[in-house]
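Results of the structural survey
The primary structure of each chain is shown beneath.
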Amino acid sequence: MDTLFFHCYDTALGTCALAWGGQGIVGSQLPEESAAATRDRMRARFPAAREVLALEQLPPPVQQARAGVQALLAGEPRDLLEIELDERGLPEFNRQVHALTRRIPVGQTLTYGEVAARLGQPGAARAVGRAEGSNPFAPIVPCHRVMGAGGVASANLVGFSAHGGVATKLRLLAIEARATGQQVGEQTPLF
C-alpha cells in the first residue's frame, strides 16, 4: 500500500486540497466553508495521509496539479488532462465516466444521458449521475460540466456533492463561461 499525503492550498474559490500516493493523485477537494473544514475533510477522507505544508516539498506532478487547479478556478480555460489520477480503487464504470468527463472542454456541458449514450449504455443516466456524485477528483474530473436533462437553464438543476451544492456548480460553470467568452448559462453542448 502506498504512503499517502495531502496538501491544502488557496484558490480563487477558497482552500482546495490534493491527496496523492506513488501512483498519482488519489483525491482532490473543492473548498469547504473554511480552510480548517477543508483540512478536516481531507483528514476524514484520507485518515492515514500525512499533510505536506510547504509547496517546495510537493513532488513536481503534485505542484503541477495544484497550479492547474488554481489556474482553472482563477478563470483560465485549463483541461487538466495532464494530471495523472490513481483510480485503482474505483469501479471500471466510474473510470469510464471520469475519462469521458475529463474530455468535456471548458465552457461545454453534457447531460447524464449524453454521457451514458457516449459510453454505449444509453439507459445508464442514473448510474452516470452516481459516478459523478461520488467523483473523488473534482474539479480535475469536471463533474460540474455534467447535468440533468434540462441543462444549466433548467429550474430542476440537479444537485452537486461539493460544499455549497448547486450554487458551487453554477459558480464553477460561470468561471468557465467567462474563460471561454460566453455569457453565464450559455455553455454550449458538446455536439
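Residues numbered from 1 in each chain as written. Predicted model: local features only at pLDDT ≥ 70, side-chain atom pairs only at ≥ 80, totals over all residues. Heavy atoms only, no water.

1. Notes on helix H2 (residues 60-73)
The end-to-end C-alpha distance of H2, which contains 14 residues, comes to 20 Å, matching closely the 20 Å that a straight helix rising 1.5 Å per residue would cover. Where H2 is buried, its residues contact strand S1 (5-11), strand S2 (14-21), strand S3 (24-29) and helix H6 (166-179). Glycine 75 sits one or two residues past H2 and shows a positive phi near 105°. (Helix = DSSP H or I, 4+ residues; strand = E, 2+ residues; numbered from the N terminus. Expected span 1.5 Å × (residues − 1). Contact = heavy atoms within 4.5 Å.)

2. Section: the packing of aromatic side chains
Enumeration over the complete set of coordinates arrives at one aromatic pair. Each ring, one from phenylalanine 5 and one from tryptophan 20, has its centre 5.8 Å from the other, and the planes form 25°; the classification is stacked. Remark: tryptophan 20 occurs in strand S2 and phenylalanine 5 occurs in strand S1; sequence separation between them is 15 residues. Since its relative accessible area comes to 21%, phenylalanine 5 is described here as partly exposed. Exposure remark for tryptophan 20: the relative accessible area of 5% places this residue in the buried category. (Phe/Tyr/Trp six-rings, centres within 6.5 Å; stacked < 30°, edge-to-face > 60°. Buried < 20%, exposed > 50% of the residue type's maximum accessible area, 1.4 Å probe, protein only.)

3. Considering the nonpolar core
Counting residues in hydrophobic clusters, the biggest one holds 25 residues, and the most contacted among them are Leu18, Ile25, Ile83, Leu85 and Ile140. Sorting the residues of this core by element identifies S2, H2 and H6 as the ones contributing at least two each. Broken down by element, the residue count for this core peaks at five residues, all from H2. With sequence-adjacent residues up to four places away left out, isoleucine 25 is seen in contact with Leu18, Ala19, Trp20, Val62, Ala65, Ile83, Glu84, Leu85, Asp86, Phe137 and Ile140. (Core = buried A, V, L, I, M, F, W, Y, C linked by side-chain atoms within 4.5 Å.)

4. Here we look at unusual backbone geometry
The phi angle of most residues is negative, glycine excepted, and most peptide bonds adopt the trans form. A cis amide bond links alanine 138 with the next residue in sequence, proline 139, at an omega value of 0°. Here proline 139 is to be found in the loop between helix H5 (125-133) and strand S6 (146-147). Although it is not a glycine, leucine 80 adopts a positive phi angle of roughly 60°. As for its placement among the helices and strands, leucine 80 is situated in the loop between H2 and helix H3 (92-102). Residue classification places leucine 80 among the buried positions, given a relative accessible area of 1%.

5. With respect to the environment of alanine 65
Along the chain, the position of alanine 65 falls in helix H2. Owing to a relative accessible area of 0%, alanine 65 belongs among the buried residues under this scheme. In sequence terms alanine 65 and glutamate 84 are 19 residues apart; their C-alpha atoms lie 8.6 Å from each other. Contact partners of alanine 65, with chain neighbours within four places excluded, come to Leu18, Ile25 and Ile83.

6. So, the packing of H3 against H5
Across the interface, H3 lies against H5 with an axial gap of 9 Å and an inter-helix angle of 80°. In terms of their interaxial angle, H3 and H5 are classed as roughly perpendicular. Every residue of H5 that contacts H3 at Phe93, Asn94, Val97, His98 and Thr101 is listed here: Ala127, Val128, Ala131 and Glu132. Looking at side-chain class alone, the contact of H3 with H5 contains five nonpolar, three polar and one charged residues. (Axes fitted to C-alpha atoms, helices over the stretch in contact; angles between N-to-C directions. Parallel < 35°, antiparallel > 145°, perpendicular 65-115°, else oblique. Nonpolar A, V, L, I, M, F, W, Y, C, P; charged D, E, K, R; others polar.)

7. Observations regarding the sheet that holds S1
An order of S3-S2-S1-S4 is seen for the four strands of this open sheet, with the pairing classed as mixed. Each edge of the sheet is formed by a strand with only one pairing partner; in this case those strands are S3 and strand S4 (50-51). The pairing of S2 with S3 spans five bridges and is classified as antiparallel. Residue leucine 18 lies in a different strand from S3, and its bridge partner there is serine 28. Strands S1, S2, S3 and S4 of the sheet are contacted by helix H1 (residues 35-45), whose axis makes an angle of about 20° with S2. Lying over the sheet, H2 contacts S1, S2 and S3, oriented at roughly 30° with respect to S1. (Pairing = 2+ DSSP bridges.)

8. Looking at the pattern of salt bridges
What the rule picks out here adds up to eight salt bridges. When the shortest N-O distance is used, the salt bridge between arginine 41 and glutamate 32 registers 3.6 Å. Here the residues in one salt-bridge network are Arg39, Asp40, Arg43 and Glu51, joined through shared partners. (Salt bridge = Lys/Arg side-chain N within 4 Å of Asp/Glu carboxyl O.)

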